[in-house]
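Structural description and commentary
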Amino acid sequence: MKLTKTKHYKAFSVPLLQENPISRQMLGICSALAVTVQMKTAIVMGLSLTFVLSFSNLAISLMRNVIPRNIRMIVELSVIASLVIVADEILRAFLYDISKQLSVFVGLIITNCIVMGRAETYALGHSPGLSFMDGLGNGAGYSSVLISVAFIRELLGSGKLLGYQVIPSMAYDLGYENMGFMLLAPAAFIIIGLLVWLQNWLTSDR
Amino acid sequence: MSSYVKSILFALTTAVICSFLLTAASAGLKGFQLENIDVDKKKNILMAVGLVDSEEPYQKKDILDLYGENIQSFRVSLEGEVVSRDKASEASLPIYIYQKDREITSYIIPVNTRGLWGKIFGYLALNSDGSTVTGFTVYKHSETPGLGGEIEKRWFQKNFEGKKILDKAGSFASISIAKGFLPESFPQDKLPNYVDGISGATLTGKYLTAGLKNVLQAYEPVSIKFRTKQSIQIREK
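Residues numbered from 1 in each chain as written. Chains lettered and ligands numbered in written order. Predicted model: local features only at pLDDT ≥ 70, side-chain atom pairs only at ≥ 80, totals over all residues.

So, the overall build of chain B
- Helix and strand content of chain B: 5 helices and 8 strands.
- Order of helices (α) and strands (β) in chain B, N terminus to C terminus: α-α-β-β-β-β-β-β-α-β-β-α-α.
- Relative to the globule expectation of 18 Å for 237 residues, the C-alpha radius of gyration of chain B, 22 Å, shows a markedly less compact shape.
- Dimensions along the principal axes, computed over C-alpha positions, put chain B at roughly 80 × 50 × 35 Å. (Helix = DSSP H or I, 4+ residues; strand = E, 2+ residues; numbered from the N terminus. Rg over C-alpha atoms; globule rule 2.2 N^0.38 Å.)

Some thoughts on the overall build of chain A
- Counting its secondary structure elements, chain A contains 10 helices and 2 strands.
- Secondary structure of chain A in N-to-C order comes out as α-α-α-α-α-α-α-α-β-β-α-α.
- By the compact-globule yardstick of 17 Å for 206 residues, chain A fits well, its C-alpha radius of gyration being 19 Å.
- Its C-alpha atoms give chain A principal-axis dimensions of about 65 × 50 × 30 Å.

Structural notes on the packing of helix H1 (residues 3-48) of chain B against helix H2 (residues 60-70) of chain B
Residues and elements named next belong to chain B.
- Where H1 contacts H2, the axes come no closer than 9 Å and their chain directions differ by 55°. Between H1 and H2, the angle falls in the class oblique. By crossing handedness, the relation of H1 to H2 is classed as left-handed. Within the contact between the two elements, H1 uses Val-39, Lys-42, Lys-43, Ile-45 and Leu-46 and H2 uses Lys-60, Ile-63, Leu-64, Leu-66 and Tyr-67.
- Looking at the contact of H1 with H2 residue by residue, the classes come out as 7 nonpolar, no polar and 3 charged. (Axes fitted to C-alpha atoms, helices over the stretch in contact; angles between N-to-C directions. Parallel < 35°, antiparallel > 145°, perpendicular 65-115°, else oblique. Left-handed = near helix turned anticlockwise from the far one by under 90°. Contact = placed C-beta atoms within 7 Å. Nonpolar A, V, L, I, M, F, W, Y, C, P; charged D, E, K, R; others polar.)

As for the confidence of the model for chain B
Residues and elements named next belong to chain B.
- Of all residues in chain B, 93% attain a pLDDT of 70 or more, and the chain-wide mean is 84.
- Least confident of the elements in chain B is strand E2 (residues 82-83), whose mean pLDDT is 76; most confident is strand E5 (residues 119-127), at 91.
- The complex prediction reports pTM at 0.79, with the ipTM value standing at 0.73. (pLDDT = per-residue confidence, 0-100.)

Topic: the nonpolar core
- Val-52, Val-84, Leu-146 and Val-149 of chain A are the most contacted members of the largest nonpolar core, which totals 46 residues.
- When residues of this core are traced back to their parent elements, those giving at least two are helix H1 (7-13), helix H3 (39-62), helix H4 (72-94), helix H7 (113-121), helix H8 (128-158) and helix H10 (185-203) of chain A.
- Sort the elements by how many residues they give to this core and H3 of chain A lands first, with 10 residues.
- Contact partners of Val-52 of chain A, with chain neighbours within four places excluded, come to Ile-80, Leu-83, Val-84, Ala-87, Ile-109 and Val-115 of chain A.
- Ranked by size, the runner-up nonpolar core spans 42 residues in total, among them Leu-46, Ile-165, Ile-175 and Leu-208 of chain B. (Core = buried A, V, L, I, M, F, W, Y, C linked by C-beta atoms within 7 Å. Buried ≥ 20, exposed ≤ 12 C-beta atoms within 10 Å, placed from the backbone.)

Topic: the pairing of strand E1 (residues 71-76) of chain B
Residues and elements named next belong to chain B.
- Sheet analysis places E1 next to strand E3 (residues 93-100), joined by 6 bridges and oriented antiparallel. What sits directly across from Val-76, in E3, is Leu-93.
- Relative to E2, E1 runs antiparallel, the two being bridged by 2 bridges. Opposite Val-76, over in E2, you have Val-82 as the bridge partner.
- What sits between E1 and E2 in their antiparallel hairpin is a turn of 5 residues, with Gly-80 showing a positive phi close to 95°. (Pairing = 2+ DSSP bridges.)

Concerning unusual backbone geometry
- Residues other than glycine seldom take positive phi values, yet Met-26 of chain A does so here, at roughly 60°.
- Structurally, Met-26 of chain A is set in the loop between H1 and helix H2 (29-34).
- Since 12 C-beta atoms lie within 10 Å of it, Met-26 of chain A is described here as exposed.
- One non-glycine residue, Ser-174 of chain B, lies in positive phi territory at about 60°.
- Of the residues examined, Ser-174 of chain B has 18 C-beta atoms within 10 Å and is grouped as partly exposed.

What about the sheet that holds E5 of chain B?
All names here are of chain B.
- Ordered in space as E2-E1-E3-E4-E5-E6, the 6 strands form an open sheet in which the pairing is antiparallel. Edge positions in the open sheet fall to E2 and strand E6 (133-140), since each of these has one partner strand only.
- Across the face of the sheet, H1 comes into contact with E1, E3, strand E4 (103-114), E5 and E6 while running at roughly 160° to E6.

Re the environment of Val-115 of chain A
- Structurally, Val-115 of chain A is set in helix H7.
- Leaving out residues up to four positions away in the same chain, Val-115 of chain A has contacts with Val-52, Leu-53, Ser-56, Ile-80 and Ile-109 of chain A.

Examining the interface of chain A and chain B
- On the side of chain B, 19 residues touch chain A, which itself brings 19 residues to the contact.
- For the side of chain A that touches chain B, the leading source of residues is H4 of chain A, giving 11 residues.
- Of the residues assigned to the side of chain A that touches chain B, the class counts are 12 nonpolar, 5 polar and 2 charged.

What to know about helix H5 (residues 220-227) of chain B
Residue and element names in this part refer to chain B.
- Every buried residue of H5 is listed here: Val-222, Ser-223 and Phe-226. Projected down its long axis, H5 shows its buried positions confined to an angular sector of 100°, all on one face.
- Of the surrounding elements, those touching the buried residues of H5 are E1, E3, E4 and E5. (Arc of directions from axis to C-beta.)

A look at the pairing of E6 of chain B
All names here are of chain B.
- For E6, the tally of buried residues reaches 7 of 8 residues, placing the bulk of the element in the interior.
- With 6 bridges joining them, E5 and E6 adopt antiparallel strand pairing. Bridge pairing links Leu-124 to Phe-136 in E6.

Remarks on the confidence of the model for chain A
- Per-residue pLDDT for chain A has a mean of 86; in total, 98% of the residues score no lower than 70.
- Averaged pLDDT values over the elements of chain A bottom out at 81 in strand E2 (residues 164-165) of chain A and peak at 92 in H3 of chain A.

Some words on H7 of chain A
Residues and elements named next belong to chain A.
- Turning to H7, its buried residues are Ile-114, Val-115, Arg-118 and Ala-119. Projected down its long axis, H7 carries its buried residues within an arc of 130°, all on one side.
- Packing partners of the buried residues in H7 comprise H3, H4 and H8.

In structure tokens, the structure reads:
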């Protein structure tokens with residue numbers, strides 16, 4: 001069987017584009033607005049969410065047959081919250097500057113609808129392997145949107161990519177100016193809207 | 001076993017496992033985190049005197065090297081005398097000196113004040129003339145992101161550069177944070193003592209104003225020494 005036909009591959013690839021958590025399901029918009037001013041923060045945020053999501057899916061899927069139904073949400077939440085705190089501690093230890101910039105938003109992964117949503121709708125009903133792939137896929141889908149938005153915002157807003165100046169100073173001499181609007185949250189709204197339009201247009205059956 | 005007991009047992013086990021995981025992560029990473037916090041403080045001191053640009057990326061080693069070359073830390077008594085480290089009592093205050101070519105360029109005082117939701121920690125650097133602010137930074141706070149949290153942003157901190165802690169007559173006036181932006185009709189002679197505030201964060205500004213006044217008041221004996229050009233006795237380490 002070809003790799004692209006396996007169930008595991010499907011669990012990973014479907015949320016990447018067709019069922020993308022941000023551009024399709026409209027979840028996790030809050031953090032997508034807040035951390036996409038720079039590529040660096042967007043990448044780290046995407047990685048943190050992918051880490052939390054895939055391991056919470058894995059843990060919950062492993063326990064899916066023993067979790068008592070009446071307390072399942074509390075159990076899910078404690079697993080997610082623990083993972084988020086671990087991710088936050090790791091960032092603080094190794095990427096201190098970025099963790100300062102992300103401030104509350106790493107902690108707010110706990111309330112990110114994507115994580116809880118995948119635990120409830122997917123991990124509780126699928127095998128650990130599939131759930132882990134689903135987590136990776138959703139995380140990658142989330143990250144890809146975040147990074148695309150951050151790419152546009154950082155390039156147009158401050159003329160940089162990953163902190164390095166890419167628009168030559170000659171352009172500024174000729175009268176080019178950074179678009180200050182891109183640094184504000186409403187810009188992310190508009191870009192996400194355009195991305196949704198682009199995706200619908202690409203995936204629609206014309 | 002009834003389902004209630006089962007639920008409670010399950011919840012208990014989950015809680016215990018999670019808490020072990022968290023303790024392990026927190027204890028295992030503590031060393032790295034403390035080191036980062038220390039480097040971050042030093043970076044903020046360097047930022048306050050303008051040796052480091054907050055927008056540029058720096059390696060840990062660069063910060064430590066720059067700090068080691070330029071900054072010395074001392075404790076001063078309440079009267080503004082430098083006290084030796086071993087005699088330093090509770091009543092002495094920490095101060096940092098930035099020396100360039102064996103001349104004191106500026107001195108940095110730590111700011112530690114109440115904010116709206118928690119404490120605000122930062123540094124205020126003053127020129128060796130004893131009255132001009134060369135920089136202000138905040139390295140730790142719990143203000144609302146986007147509102148009071150703007151105190152950690154460059155646009156806010158930049159406003160402090162060049163401001164005076166003395167009024168026109170030469171008496172102590174501290175630096176106050178205005179309510180929102182300073183209006184154009186603001187009296188010219190008061191301008192050096194005021195900085196633009198953050199709209200939506202009036203209380204943060206109010207607490208920070210009070211905090212800066214307290215801190216500057218406490219360090220006034222040192223500032224007077226600088227102003228009157230009395231030499232501050234510092235011994236080389």
